[in-house]
Structure formats: structure tokens, C-alpha cells
Amino acid sequence: MKLKHLLLTLSLVTLLPLLSFAQSPEEKLKELGLTLPEITSPIANYVKWKKVDNMLYLSGTGPDVYGKVGADLSVDEGYQAARETGLEIIAVLKLATVGDLSRIKQFVKVMGMVNSAPDFTKQPAVINGFSDLMVEVFGEKGKHARSAVGVAALPNNMAVEIEVIVEIE
């Protein structure tokens, strides 16, 4: 009996610290001092997301940052624009998951487009602004397959546009 009690106590002492580090994405956003923006209306005839079975497909989203990276904007400014886009994407995900970001099982695929000057080649460094934020907020679930490409132009001259596919529980 004493051995069972000792094993139970050791198990609890070992597991409790691990459980205390598990934070919801909402708690992580608060800890990081980040506030989700209001979701903007689509600029054309489409929806912000489409749910098919346990997958969410998000339409491309961009920030309120304009210009070509490598001409009008630096790599760091592009990185910040991608991070800002990430916050709007999280806001859309929160709405699509009925207010519970913990329902996100994993990020599957990210397509990052950078409004690039003709000779600009650091698109991955720009889209890291989005990817870094997803890992900060969602941990391992935020890691994803990704493309980061340069384009000649984006709607309204946005600096970046990012679309996402996530799996939900």
C-alpha cells in the first residue's frame, strides 16, 4: 500500500509541472501582449474561410502595410507585415473555430506571397514573420509546410498576402 502511495505521489510530482506549462493559444497571445484585430470584410466575392470535414482553408489575407519589399520596404518591415497578417489570420481562425483556438490540431500548409522588387530574393525571411508568430502562439501545432514566393503585385499594393490550411479537432 505504501509503495502504491509513493508511486502515485511521484507520478503527480513529475506530471504537475508539465501540465502547468500547457497554455492555450489565447493564454499565449495574452502573455505575449498581443491583441487580435477586428476581422475585415473580404474585398471581393469570396469568404474568409471554408470548412471541409476537419480542414479549414483560409483565403489570402494581407496587412495594412503597402509597397514592394526590397524597394519601398526593408526585409524587417516585410517581416513585421507578415507578422501583422498572422494576427489577422489568428482572428479569422478564432471565429472559424467558434472562439476556441485550442481546436486547431495543426497548421498544415502556408502559402506566403511577397510583393517584391524585381531583384528581391529574400521572400522566406519576410514570411518568417508569420511562421515565427504561429510557433510562438501554437507551439508544435504551429509548424507547417510552406511556400514563400515573390510576386510582381498584390491587391491594393499590399506588402504580403498569406493563405493557410489548418486541421481542426
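This text follows the structure it describes.
Position numbers for residues count from 1 along each chain, tracking the sequence in the order it is written. Two thresholds apply to this predicted model, a pLDDT of at least 70 for residue-level local features and 80 or more for giving and counting side-chain atom pairs, whereas whole-chain, interface and lining totals are computed over all residues. Side-chain descriptors were evaluated using all non-hydrogen atoms of the structure, hydrogens and water having been removed beforehand.

Enquirer: Any details on helix H3 (residues 75-96)? Residues and values, ideally.
Expert: Along an α-helix, a turn takes 3.6 residues, which lines up residues three or four apart on a common side. Strands are runs of DSSP state E lasting at least 2 residues, helices are runs of H or I lasting at least 4, and numbering of each runs from the N terminus. In a helix, the anticipated span is given by 1.5 Å times the number of residues less one. For H3, built from 22 residues, the straight-helix expectation of 32 Å at 1.5 Å per residue is met to within 8% by its first-to-last C-alpha distance of 31 Å. With its phi angle positive at about 55 degrees, Val98 sits one or two positions after the end of H3.

Enquirer: Provide a residue-level description of helix H4 (residues 123-138), including the pertinent values.
Expert: With 16 residues, H4 should reach 22 Å at 1.5 Å per residue; the first-to-last C-alpha distance of 23 Å fits that figure. The sharpest bend along H4 comes to roughly 35 degrees, located at Gly129. By definition, a residue's bend is the angle between the axes fitted to the seven residues ending there and the seven starting there.

Enquirer: Any details on the pairing of strand S3 (residues 104-115)? Residues and values, ideally.
Expert: Sheet topology note: the S3/strand S5 (residues 160-168) ladder contains nine bridges and is antiparallel. Bridged to Gln106 within S5 is Glu167. Here S3 runs beside strand S4 (residues 145-151); their pairing, made up of seven bridges, is parallel. Bridging from a neighbouring strand, Asn115 pairs with Val151 of S4. Classification remark: right-handed applies to a crossover when, strands pointing away from the viewer, the course from the first strand over the helix to the second runs clockwise. Between the parallel pair S3 and S4, the chain is carried across by H4, and the sense of this crossover is right-handed. Only strands that DSSP links by at least two bridges are regarded as paired with each other.

Enquirer: Residue-level account of the nonpolar core, with values.
Expert: Of all hydrophobic cores here, the largest spans 34 residues; its most connected members are Leu93, Phe107, Phe130 and Val164. Residue assignment for this core shows that the elements contributing at least two residues are strand S2 (55-61), H3, S3, H4 and S5. Per-element accounting of this core gives the leading share, eight residues, to H3. Leave out the neighbours within four places in its chain, and Val164 touches Leu56, Tyr57, Leu58, Ile89, Phe107, Lys109, Val110 and Phe130. The definition of a nonpolar core used throughout is a set of buried Ala, Val, Leu, Ile, Met, Phe, Trp, Tyr and Cys residues joined through side-chain atoms within 4.5 Å. A simple rule labels every residue: compare its accessible area, found with a 1.4 Å probe on the protein chains alone, to the largest value its type can have, and call it buried under 20%, exposed over 50%, or partly exposed in between. Contacts are residue-level and defined by heavy atoms, with any inter-residue pair within 4.5 Å sufficient.

Enquirer: Now, about the environment of Lys109: what can you tell me, with residues and values included?
Expert: Within the fold, Lys109 resides in strand S3. Lys109 gets classed as partly exposed once you look at its relative accessible area, which sits at 29%. With 57 residues separating them in the primary sequence, Lys109 and Val166 have C-alpha atoms 7.1 Å apart. Those residues in contact with Lys109 that sit more than four places away from it in its chain are Ala145, Arg146, Ser147, Glu163, Val164 and Ile165. Polar contact criterion, stated in full: a pair of N or O atoms within 3.5 Å, where within protein one must be able to donate a hydrogen and the other to accept it, and residues adjacent in sequence count only if both atoms are side-chain atoms. At 2.8 Å, the side chain of Lys109 forms a polar contact with the side chain of Ser147.

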